[in-house]
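What follows is the residue order along each chain.
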Amino acid sequence: MRYGRTSIIHFLSKLVMSFSGFIATVVLTRTLGQEQYGTYVVVLSVLSWVVIGGKLGLPQAVRKRVSEADGGNYVVSGALAQVGLYAVVATCIWITRPYLNDFMGLSVTWVLVLMLAVRLALGFVRTVLEGQHLVHVSSVLSPVEWTSRSVVQVALVLSGSGIAGAFAGYIVGAIVAVIIGAYFVSIPERLPSRHEFSRLKSYAQFSWLGSIKGRTFLSMDTIVLAVFVSNSFIAVYEVAWNLASLFAIFGISISRTLFPEMSEISSNEGTEDEIAGLLRVSLAYSGLFIIPGLVGAALLGDLVLTIYGPGFDTGYYVLIVLTFARLLYGYMGQFLSTINALDYPGRTFNINAVFVVVNLMLNLTLTWRFGWYGAAAATTTSAGMGLILGYYYAKQVIDVTIPLIEVGKQCLSAVIMAAIVSVGRLNTAESLPVAVVLVGIGACAYFASLLALSQEFRTTVEDNLPFQFPTIGPR
């Protein structure tokens, strides 16, 4: 796997980020309680939506144009456009602050404006780094941000600052990551021209809906739930969602790593076979962790959720559904990333439009009728529809090869893992420490089985480790 090490670096950085975020979440849920933590989640969900207004497809456009390396100064032109968008959105937030404060249940509009600034700045820096093929550097910013955020949040919340400490940690973590990331950004010496702004606009006018699609998948359910259920229910739902997202990290790493490579091959008129090969690789490894994660959630999810405090185990079934949604969305993301890299933003626009409309309609209908189970079902259904459309449109621009055998081996390894973990759970006490041990045993069983079953996986491991891995099974 040619780009395996970059993907692994990105994955490990995300893993560190998730671990620090996990510790902070446990502290916040146990210290603030379900109601206050739910309020914090609602504020972050509102932030995630106003961030979209501050982007409008600009990050995707900057990443695409910078990765093409055509000599244009898309860094400065993109930065100027970003400042302009922020000014407009921040003004709108301030004008509508009475309504926003009422929806969030807290008068924190000025905090929202600050959080928007640091979030956009960090997103822009990471986008430029990825476009300049510094995905490994961009990857490090996530654990830096989350670790800094978590340390400040835990320190302030435990010292009695309450939810204000949670917001302060969010802002400080992003500022630290922006400072570090900006150091590695290369800025072209020439001044930007109207041509750069025009090329950014030509791509952003189609890619802006991708941001809405992504945010719809990540938090439309939370926003709709805020209308129908209490913040304590939202806290449990968000914890389940975070656990489901943990399993999807590696698939995201693959997509972020391969996009600039595909984009460069496409802009340099490389062969479609090269890009098709990279797509196959991304599909083969997108489910590497989330397939066993889905099985593990079904087997041990109720016990793992108890670490967040009493009552969180009620999110067990939601966790299973959301993990499956993450699996579908991960494969969908590989198709859309490939289509975008080939410079067909109009096609992804169509997919994203359908996804957003279906997700919104289903969330409003099913959440009103079935509560959080309806929200989880709506997210899963829209992800499945997006996956089908992504495959359909990708087939129109490139030869798509689905690695069914490799995915099948991952599923078989997960079944073997399930058998071992099930025996362990049936013969041990129901406790969190036991669940942690069983998670470790299950992970070892899964990867041992996959190494034995898959020659391609063994080769990938050998090619990307700094030492020779012992041969297992026939070559």
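Keep in mind the model is a prediction, meaning the values are calculated, not measured. (Residues numbered from 1 in each chain as written. Predicted model: local features only at pLDDT ≥ 70, side-chain atom pairs only at ≥ 80, totals over all residues. Heavy atoms only, no water.)

**Brief notes about the overall build of the chain**
Keep this limit in mind: Helix and strand assignments come from DSSP, with helices taken as H or I runs of at least 4 residues and strands as E runs of at least 2, each series counted from the N terminus. Exposure categories follow from relative accessible area, calculated using a 1.4 Å probe and restricted to protein chains: below 20% of the type maximum is buried, above 50% is exposed, and the middle band is partly exposed. By definition, residues are in contact when any of their heavy atoms lie within 4.5 Å. Using the Shrake-Rupley algorithm and a 1.4 Å probe, accessible areas are obtained, with residue cover drawn only from the displayed protein chains.
In terms of helices and strands, the chain carries 18 helices and 0 strands. Put simply, the chain has 475 residues, and 54% of those count as buried. Relative to all contacts within the chain whose residues are 6 or more apart in sequence, the contacts with residues 24 or more apart total 81%. As presented, the chain carries roughly 19700 Å² of accessible surface, and 69% of it is formed by carbon and sulfur atoms.

**What to know about the environment of Thr401**
Relative to the assigned elements, Thr401 resides in the loop between α15 (372–397) and α16 (404–426). When the C-alpha positions of Thr401 and Gly277 are compared, they lie 8.2 Å apart, and in sequence the two are 124 residues distant. With near-sequence residues (within four places) excluded, Thr401 lies in contact with Arg280 and Leu283.

**Re the pattern of salt bridges**
Rules: Within this document, salt bridges are pairs made up of a side-chain nitrogen of Lys or Arg and a carboxyl oxygen of Asp or Glu, the two lying within 4 Å of each other.
The final tally for this structure, using the stated rule, is 4 salt bridges. For Glu145, the salt bridge identified is with Arg119, shortest N-O distance 2.5 Å. Separated by 26 residues along the polypeptide, Glu145 in helix α6 (residues 135–158) and Arg119 in helix α5 (residues 109–131) bring together distant segments of the chain. Across this residue pair, the class does not change: Glu145 and Arg119 are buried. The partner of Arg425 in a salt bridge is Asp302, with the nearest N and O atoms 2.9 Å apart. Of this pair, Arg425 sits in helix α16 while Asp302 sits in helix α12 (residues 290–304), and the two are 123 residues apart along the sequence. By relative accessible area, which is 16% here, Arg425 ends up buried. Judged by its relative accessible area of 24%, Asp302 falls in the partly exposed class.

**Considering the nonpolar core**
What counts, and what does not: Residues enter a nonpolar core if they are buried and are Ala, Val, Leu, Ile, Met, Phe, Trp, Tyr or Cys, with the set joined through side-chain atoms within 4.5 Å.
Of all hydrophobic cores here, the largest spans 72 residues; its most connected members are Tyr40, Leu47, Ile93, Leu116, Phe167, Tyr237 and Leu322. In this structure Leu47 touches Leu112, Met115, Leu116 and Tyr170, once residues within four positions along its chain are discounted.

**Here's the deal with α16**
Here is the rule: One fewer than the residue count of a helix, multiplied by 1.5 Å, yields its expected span.
Here α16 spans 32 Å end to end across 23 residues, near enough to the 33 Å set by a 1.5 Å rise per residue. Residues of α16 that are buried include every one of Glu406, Val407, Gln410, Ser413, Ala414, Met417, Ala418, Val421, Gly424 and Arg425, and no others.

**Structural notes on the packing of aromatic side chains**
Formally: Only Phe, Tyr and Trp rings are paired, with Trp represented by its six-membered ring, and only when their centres lie within 6.5 Å; those with planes under 30 degrees apart are stacked, over 60 edge-to-face, the remainder tilted. Our definition puts a charge over a ring when NZ of Lys or CZ of Arg is within 6 Å of the ring centre and also within 35 degrees of the ring normal.
Within this structure, the stated rule accounts for 10 aromatic pairs. Seen from their ring centres, Tyr316 and Tyr317 are 4.9 Å apart, and the 65° between their planes marks the pair as edge-to-face. Note on Phe335 and Tyr391: the rings are 5.8 Å apart at their centroids and 75° apart in plane angle, and the pair reads as edge-to-face. Of the two residues, Phe335 is situated in helix α13 (residues 316–341) and Tyr391 in helix α15; the sequence distance between them amounts to 56 residues. You can call Tyr391 partly exposed: its relative accessible area is 35%. Sitting over the ring of Trp146, Arg149 keeps its end group 4.3 Å from the ring centre.

**Observations regarding α5**
In an α-helix, one full turn covers 3.6 residues, which means residues spaced three or four apart are oriented alike. The end-to-end C-alpha distance of α5 is 33 Å, a good match for the 33 Å that 23 residues give at a rise of 1.5 Å each. Burial of α5 is extensive: 19 of the 23 residues sit out of reach of the surface. Positive phi shows up at His133, right after α5, with a value of about 65°.

**Let's talk about the packing of α12 against helix α17 (residues 432–453)**
Selection rule: For helices, the fitted line uses only the C-alpha atoms of the stretch in contact; every axis is such a line through C-alpha atoms, and the angle between N-to-C directions lies from 0 to 180 degrees. Here roughly perpendicular refers to angles of 65 to 115 degrees, roughly parallel to angles under 35, roughly antiparallel to angles over 145, and oblique to all remaining angles. The nonpolar class holds Ala, Val, Leu, Ile, Met, Phe, Trp, Tyr, Cys and Pro. Asp, Glu, Lys and Arg form the charged class, and all remaining residues, Gly among them, are polar.
The geometry of α12 relative to α17 is characterised by a closest axis approach of 10 Å and an angle of 170° between their N-to-C directions. Judged on the interaxial angle alone, α17 and α12 are roughly antiparallel. Seen from α12, the contacting residues are Pro292, Leu300, Leu303 and Val304; seen from α17, they are Leu432, Ala435, Leu438, Val439 and Tyr446. Classifying every residue of the contact of α12 with α17 by side-chain character gives 9 nonpolar, no polar and no charged.

**Re the side chain of Thr338**
Keep this limit in mind: Counted as a polar contact is a pair of N or O atoms within 3.5 Å, where, for protein atoms, one must be capable of donating a hydrogen and the other of accepting one, and residues adjacent in sequence contribute only when both atoms are in side chains.
The topology assignment puts Thr338 in helix α13. For Thr338, a relative accessible area of 1% translates into the label buried. A polar side-chain atom of Thr338 sits 2.9 Å from the main-chain carbonyl oxygen of Gln334.

**Here's the deal with the environment of Gly440**
Locating Gly440 in the fold gives a position in helix α17. Measuring from C-alpha to C-alpha, the distance between Gly440 and Val421 comes to 9.7 Å, with 19 residues separating the pair along the chain.

**Focus: a nonpolar patch on the surface**
Rule in force here: Only residues whose relative accessible area exceeds 30% and that form no salt bridge enter a patch; like-charged residues are grouped when within 9 Å of one another, and nonpolar side chains (Val, Leu, Ile, Met, Phe, Trp, Tyr) when within 5 Å.
Together, Leu412, Val415, Ile416, Ile420, Val437, Ile441 and Leu453 give the surface a local cluster of nonpolar side chains, amounting to about 560 Å² of exposed area. Elements supplying a minimum of two residues to the nonpolar patch: α16 and α17. Of the residues forming the nonpolar patch, the biggest block, 4 residues, is contributed by α16. Given a relative accessible area of 33%, Ile416 falls into the partly exposed group.

**Digging into the confidence of the model for the chain**
For clarity, the cut-off: What pLDDT conveys is the predictor's confidence in a given residue, as a value from 0 to 100.
Looking at the chain as a whole, its pLDDT mean stands at 80, while 83% of the residues score no less than 70. When mean pLDDT is compared element by element in the chain, α16 scores highest at 92, while helix α10 (residues 249–267) scores lowest at 64. Overall, residues 466–475 carries pLDDT values under 50, and its contacts beyond four positions in sequence, including any with other chains, amount to 16 contacts.

**Considerations on the packing of α6 against helix α7 (residues 163–184)**
Under the convention used in this document: Helix crossings fall into two classes, left-handed where the near helix is turned counterclockwise from the far one by less than a right angle and right-handed where it is turned clockwise.
Close contact between α6 and α7 brings their axes to 7 Å; oriented N to C, the two are set at 150°. Looking at the two axes, α6 sits roughly antiparallel to α7. For the pair α6 and α7, the sense of crossing is right-handed. Each residue belonging to the contact of α6 with α7 can be placed in one class, and the counts come to 15 nonpolar, 6 polar and 2 charged.

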